[in-house]
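Tertiary structure, described
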Amino acid sequence: MNKNRKALSILMRARMRPPSPTTNRINQMQFSPIDGVRNGKVSTSQEASATLHTDFVRVQQSMHAAISMNKTEILDVALDDFSEGYYGLPNENRRALLLALAREYDLNRKQVRDLMKQYLGLELPSSDKPLENAHEGEGSFSAFYRIERNLRESLKPMYEVLFERLNTHPGGLRFLSIMRANILSFLAEENTAVLRALDSYLKEKLITWLSPANLQLHHITWDDSASLLEKIVAHEAVHPISNLLDLKRRLGMGRRCFGYLHPAIPGEPLIFIEVALMKHVAQTIQEVLWDDPPIPECEATCALFYSISSTQPGLSGINLGKFLIKRVIDVVRRDMPTISTFATLSPIPGYMQWLLSKLAPTEISDSTFSENLLTPEEESALLEATETFHGKNGMEVLRNLLSSSEKWINSEKLASVLRIPLMRLCARYLLQEKKRGKALDSVGNFHLQNGAMVGRINWMADLSEKGIKQSAGIMVNYIYEVEHIEENAQLYFGDGEIGASDEVRSYLEVGSYFSNVKRITKKKSKIRRLVKASTSPLILWPASV
């Protein structure tokens, strides 16, 4: 165990100290060698270019051999040569190789067209004529069956052979994940149709190979290997692990960490989730990460998912998290019957970006419409509290404040004034702002399609620099009601319906009411009564937030 801790300490120090580009390339095969430097010798640019071209041709030849050969002994060598050679290529050559793979080993469209013509030329047996026997019926459709079988085969691109062979080759699944990460990176630079088709086909293959039946749920503890724990530190994407004490706390009493492992990638979780066992649904990440000591586990009634991270960029878009969350819920329910509530404390990564785009002047914003996001009451309170700030109106003052968090985050007066509009607009962002019928927020879309509902939004929940920049420090609790998970998921997928608590919806009701105040000029007395009634903490400022 002491050796394990020592090794982990070394790995942690390596993680905290950013490696130099040279060291990074030498120690990790997935990075390309330094241009112009080979075997410790410095070469001229012409020699380097010639060497790179030779390497590219050799890798391309090994790729062809890996696709076309069938003899097992030779095939294994070809697959090894291809994967090792690919790791050694610089990015520009990797891109050229992937383009060659996508174009030269695509499906044979001429063959597909010919088969389609044959298929369309067949005459369907008349349904009016009764068949005299079963053999006659089989004979009438035999040509259809044959062409359909040939069509299925012809619609498979030749590069499927490479993917299939790599998947069964030692280290092949990891290699395919790295290859897809490269494809996604190249697509981000230039959305090429042929690379998009290659990515789509590889993604479908990975979804099949990484089905839950092929994955192992592992409870990650302090006693796991140093290399596995280092992966947790390196890939924690939501709340970075600061030191060994932080890591030990997240794996200790009152906490759980689960990961999905695949036999082909031993000792490295593909995805992992961190869980806090608590008495109530936490409202701030500070109480999850820093409150000490945690409550006795026997007193816990809530399992709070506060971080979920993937270790493989090449598995982007493959929803392993959905299966992981459901599996963890089952395990916790089985092992801890006192746990009855399953919830998240989630970031809202797109909120400030969306809000600042709405606050941008019309000539700068992509939108051709201008919209006053503030109610008259909110604008009046904001202008009164910010007399020293420049701005023609409340929208401009709000934009100036949010553009620099230092202006308001440490001011109790400004934070108090901003709380109501920011929480209301956050509720609107989570429940109403959509893209292609689904929630605009990426984290929200993930949990909603998994069957969760929006339970509560929390003010000043993440005071880290990242939290303030992403969402003005606001976080959201998504609730997984076990008996309604499937129903919620179906409603979301079918109609884009977002389930939410009355508390969250109350923010929208307040906004809707105030936005219509000017239109109801003939009912001033009724408006006064409504305004007076709506100042209760439950509506304007939910007591539980």
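Being a predicted model, the structure only gives us computed values, none of them experimental.

**Regarding the environment of Leu187**
- You can see Leu187 is positioned in helix H9 (residues 172-189).
- A C-alpha to C-alpha distance of 9.9 Å links Leu187 and Arg95, two positions 92 residues apart in sequence.
- Once residues within four sequence positions are removed from consideration, Leu187 is found in contact with Thr192, Leu195, Arg196 and Asp199.

**Some points on a nonpolar patch on the surface**
- Residues Leu124, Phe141 and Tyr145 make up a contiguous nonpolar surface patch of about 300 Å² in total accessible area.
- Here Leu124 is to be found in the loop between helix H6 (109-121) and helix H7 (134-154).
- Leu124 gets classed as exposed once you look at its relative accessible area, which sits at 59%.

**Some points on the environment of Pro347**
- Tracing the sequence through the fold places Pro347 in the loop between strand E7 (341-344) and helix H15 (351-359).
- Ignoring any residue separated from it by four or fewer positions in sequence, one finds Pro347 in contact with Val238, Asp441, Val443, Gln470, Met475 and Val476.

**Regarding the pattern of salt bridges**
- A complete count under the given rule lists 20 salt bridges for this structure.
- The salt bridge partner of Asp55 is Arg58, with a shortest N-O separation of 3.1 Å. Remark: Arg58 and Asp55 occur in helix H3 (residues 45-68); sequence separation between them is 3 residues, near one turn of the helix.
- For Arg58, a relative accessible area of 47% corresponds to the partly exposed category.
- Across the salt bridge formed by Lys279 and Glu299, the nearest N and O atoms sit 3.3 Å from each other. Remark: Glu299 occurs in the loop between helix H13 (285-289) and strand E6 (302-310) and Lys279 occurs in the loop between strand E5 (271-278) and H13; sequence separation between them is 20 residues.
- Residue Glu299 is classed as partly exposed on the basis of its relative accessible area of 36%.

Conventions used here
- Residues numbered from 1 in each chain as written.
- Predicted model: local features only at pLDDT ≥ 70, side-chain atom pairs only at ≥ 80, totals over all residues.
- Heavy atoms only, no water.
- Helix = DSSP H or I, 4+ residues; strand = E, 2+ residues; numbered from the N terminus.
- Contact = heavy atoms within 4.5 Å.
- Patch = residues over 30% accessible without salt bridge, like charges linked within 9 Å, V, L, I, M, F, W, Y side chains within 5 Å.
- Areas by Shrake-Rupley, 256 points an atom, 1.4 Å probe, with all protein chains shown as cover.
- Salt bridge = Lys/Arg side-chain N within 4 Å of Asp/Glu carboxyl O.
- Buried < 20%, exposed > 50% of the residue type's maximum accessible area, 1.4 Å probe, protein only.

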